Amino acid sequence: MISVFCALSSIGEVIIFKDFRHQFGRNVIEPFVDEIKRKHGRRVPPIVILENKTYVSIYRGGLYFVAIVAVSNVSPIYLLESLHRISDIIQDYCGTLNVKAIRANLFLVHELLDENMDYGLFQCLTTSDLRSLVHYEPVVVHNIKEEVGFSPDAIFDLGLNFLNQMQISSNAATKPLAIGPQKQTEQRNEIFIDVIEKLNVTIEKDGEVSTAEIHGSIRLKSFLHGSPDLKIMLNRDLFVGSIPSEYNKKGAILLDECCFHKCINRELFSSERTLHFKPPVGESIIFTYILIDKLKNPLPFRISATKSEDSAQKTVILNLKLKCNIPNNRRCSCICLAIPFPYDLESVSSSDKTSHVSVASSRLLQWQVPFMDGGNERAAVIKVQPDHFICYDISNSVIGAIRPFYIL
């Protein structure tokens, strides 16, 4: 199957190098490192062929997980799925997935890889099956996003002051799984459940919504003892595909597609709209769904942008305005607008001192806003100095380039 497994940082620094078949030397990873450096901060494609070798990779937590194989009939989808499962297992046992956690748990990660693969063949890709085979204790490294200036709070904060006994640390779900029978009995009996929705919207020049998709998932991380039966009750008026004629379509919720984890009892979902399951050990996604063109509420943000040029100073001036359309009693935090440009950026500056503007990569501008209360607006005048200034290039490219804003 695979010859070499590697884990690299976002700048191409090799952290893990595991050679299973000894077909290539240690320099086999150098072409992929050169590819990372050539991208200047942009992502390397998941499948690239360099020097008659196939490099299959995924990018998670600021890390590239790479499988290197000789050019042959190896299923790339199988390799991508296996890499995702390996990264899930590493995250479960290390607690979080980033460069610091991998460096602090090198022996543990190598032990997991030895149990996962034998001579490059995948053997065990579930967290629960490895629990009795792993012996190294993990070193806890909390995943606090101080590097990008964000708070670890939830993106939508209700602003309510709960009692101290109702509050837990924001890093509670990033703790590693306990290793060994004694540690497992001492670990707290708890489970964390998140509902995550990603909104993909295409907005026309006049501000009208052209297309909209909601990709949602129910994600859980289980530290429960044993395998108890759990139930998650969903809306009774939830339907998939189509709504029966005998039901009131006005208040119904229609999902275009949905997908279940193998632990879910589908019969109970069809009859009672209940997710009945025994939670797997570690982190997993038990339910995913898609809604297309069914936005009943206005978009959480409305963005407008204009641009002008200063030929004397060779700068492009962007006037950005961001309005938060969530209810007035709520707060949105960790807002990031990513604006791609058709040319390299040399320097940026902003008139808004309460937010942060930076060049994420050579051609990507980021405007980071710490928080916004519902109904409020934020504006910023951003001066961008490209590495070269061509009026024709700016006039024809910048407006088209700044249209696709992304709320990360």
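Look a little higher up for the structure.
Remember, predicted model here, so these are calculated numbers, not experimental data. (Residues numbered from 1 in each chain as written. Predicted model: local features only at pLDDT ≥ 70, side-chain atom pairs only at ≥ 80, totals over all residues. Heavy atoms only, no water.)

*Asks:* Is there a simple way to think about the sheet that holds strand β16 (residues 282–292) in this case?
*Replies:* Paired through their backbone hydrogen bonds, the strands of a sheet run either parallel or antiparallel. On the basis of which strands lie adjacent, the open sheet formed by 4 strands has the order β9-β10-β16-β14 and antiparallel pairing. At either end of the open sheet lies a strand with only one pairing partner, and these are β9 (191–203) and β14 (257–260). Averaged over all pairs of adjacent strands, the angle between their axes in this sheet comes to 15 degrees, without regard to strand direction. Pairing analysis gives 10 bridges linking strand β10 (residues 209–222) to β16, with the strands arranged antiparallel. Each bridged residue has a counterpart across the sheet, and for R219 the counterpart in β16 is I285. (Pairing = 2+ DSSP bridges. Helix = DSSP H or I, 4+ residues; strand = E, 2+ residues; numbered from the N terminus. Axes fitted to C-alpha atoms, helices over the stretch in contact; angles between N-to-C directions.)

*Asks:* Whenever I open this one, the pattern of salt bridges confuses me. Can you help?
*Replies:* Counted according to the given criterion, the structure contains 7 salt bridges. For R103, the salt bridge goes to E13, with nearest N and O atoms at 2.8 Å. Taken together, the positions of R103 in helix α3 (residues 99–104) and E13 in the loop between β1 (4–9) and β2 (14–19) put the pair 90 residues apart, joining distant regions of the chain. Residue classification places E13 among the partly exposed positions, given a relative accessible area of 38%. Put simply, E283 and R219 hold a salt bridge, and the shortest N to O gap is 3.2 Å. Highlighted residues: E283 in strand β16 and R219 in strand β10, separated in sequence by 64 residues. For E283, a relative accessible area of 22% corresponds to the partly exposed category. (Salt bridge = Lys/Arg side-chain N within 4 Å of Asp/Glu carboxyl O. Buried < 20%, exposed > 50% of the residue type's maximum accessible area, 1.4 Å probe, protein only.)

*Asks:* Please clarify how helix α2 (residues 76–94) should be interpreted in this entry.
*Replies:* One turn of an α-helix holds 3.6 residues; hence residues three or four places apart share an orientation. The terminal C-alpha atoms of α2, which comprises 19 residues, lie 27 Å apart, in line with the 27 Å expected from a rise of 1.5 Å per residue. All of the buried residues along α2 are L79, L80, S82, L83, I86, S87, I89, I90, Q91, D92, Y93 and C94. Two residues or fewer after α2 comes G95, characterised by a positive phi angle close to 95 degrees. (Expected span 1.5 Å × (residues − 1).)

*Asks:* Looking at this structure, how should I read the packing of α2 against helix α4 (residues 106–116)?
*Replies:* Helix-helix packing: each pair is described by the crossing angle between the helix axes and the interaxial distance. Where α2 meets α4, the closest approach of the two axes is 10 Å, and the angle between their N-to-C directions is 140 degrees. Our classification of the angle between α2 and α4 gives oblique. Relative to α4, α2 is oriented so that their crossing is right-handed. Facing I86, I89, I90, Y93 and C94 of α2, the residues of α4 in contact are L108, V109, L112, L113 and N116. (Parallel < 35°, antiparallel > 145°, perpendicular 65-115°, else oblique. Left-handed = near helix turned anticlockwise from the far one by under 90°. Contact = heavy atoms within 4.5 Å.)

*Asks:* In this structure, what is going on with the sheet that holds strand β5 (residues 63–70)? I would like to understand it.
*Replies:* Strand order in the open sheet formed by 5 strands is β2-β1-β5-β4-β3, with antiparallel pairing between adjacent strands. Both edges of this open sheet fall to β2 and β3 (47–50), since each of them pairs with a single strand only. Sheet twist, expressed as the mean angle between neighbouring strand axes with direction ignored, is 20 degrees. Looking at chain direction, β1 and β2 are connected through 5 bridges and run antiparallel. In the strand pairing of β2, L8 is matched with V14. Here α4 sits on the sheet and contacts β1 and β2; the angle it forms with β2, its principal contact strand, is near 30 degrees.

*Asks:* Just checking my understanding: could you explain the nonpolar core for this structure?
*Replies:* Taken as a class, soluble globular proteins show a tendency for nonpolar side chains to be buried jointly. Counting 32 residues, the largest nonpolar core has I2, F5 and I90 as its most contacted members. Contributing elements (two or more residues each) for this core: β1, β2, β4 (53–60), β5, α2 and α4. In terms of residue count, α2 provides more of this core than any other element does, 8 residues in total. Listed in part, the 21 residues of the second largest apolar core include F301, I339, M372 and V384. (Core = buried A, V, L, I, M, F, W, Y, C linked by side-chain atoms within 4.5 Å.)

*Asks:* Help me understand empty space enclosed by the protein, please; the structure alone is not making it clear to me.
*Replies:* Any empty space left between the atoms is revealed when a probe the size of a water molecule rolls over them. Under the criterion given, the structure shown has 1 cavity of 30 Å³ or more. Taken as a whole, the largest cavity encloses approximately 30 Å³ of empty space. In this structure, the largest cavity is lined by R131, L177, Q187, S222, F223, L224 and V281. Residues belonging to the lining of the largest cavity are distributed by class as follows: 4 nonpolar, 2 polar and 1 charged. (1 Å grid on protein atoms, 1.4 Å probe; cavity = no way out; pocket = protein on both sides within 12 Å on 5 of 7 lines; lining within 4 Å. Points joined across faces, edges and corners; volume = space filled by probe spheres on them. Nonpolar A, V, L, I, M, F, W, Y, C, P; charged D, E, K, R; others polar.)

*Asks:* Can you help me understand the packing of aromatic side chains in this one?
*Replies:* Each aromatic ring pair is specified by the distance between its two centres and by the angle formed by the two planes. Summed over the entire model, instances satisfying the criterion amount to 11 aromatic pairs. Centroid distance F107 to Y136: 5.9 Å. Interplanar angle 20 degrees. Geometry classified as stacked. In this pair, F107 is assigned in helix α4 and Y136 in the loop between α5 (127–130) and β8 (156–157), connecting sequence segments 29 residues apart. The exposure class of F107 is exposed, given its relative accessible area of 63%. Members of the aromatic cluster, joined through ring pairs, are F32, Y55, Y59 and Y64. A cation over an aromatic ring shows up here: R26 above the ring of F17, its NZ or CZ 4.5 Å from the ring centre. Across from the ring centre of F371, 4.3 Å away, lies the NZ or CZ of R331, which sits over that ring. (Phe/Tyr/Trp six-rings, centres within 6.5 Å; stacked < 30°, edge-to-face > 60°. Lys NZ or Arg CZ within 6 Å of the ring centre and 35° of its normal.)

In short, the description is geometric, and any link to function would need to be established separately.
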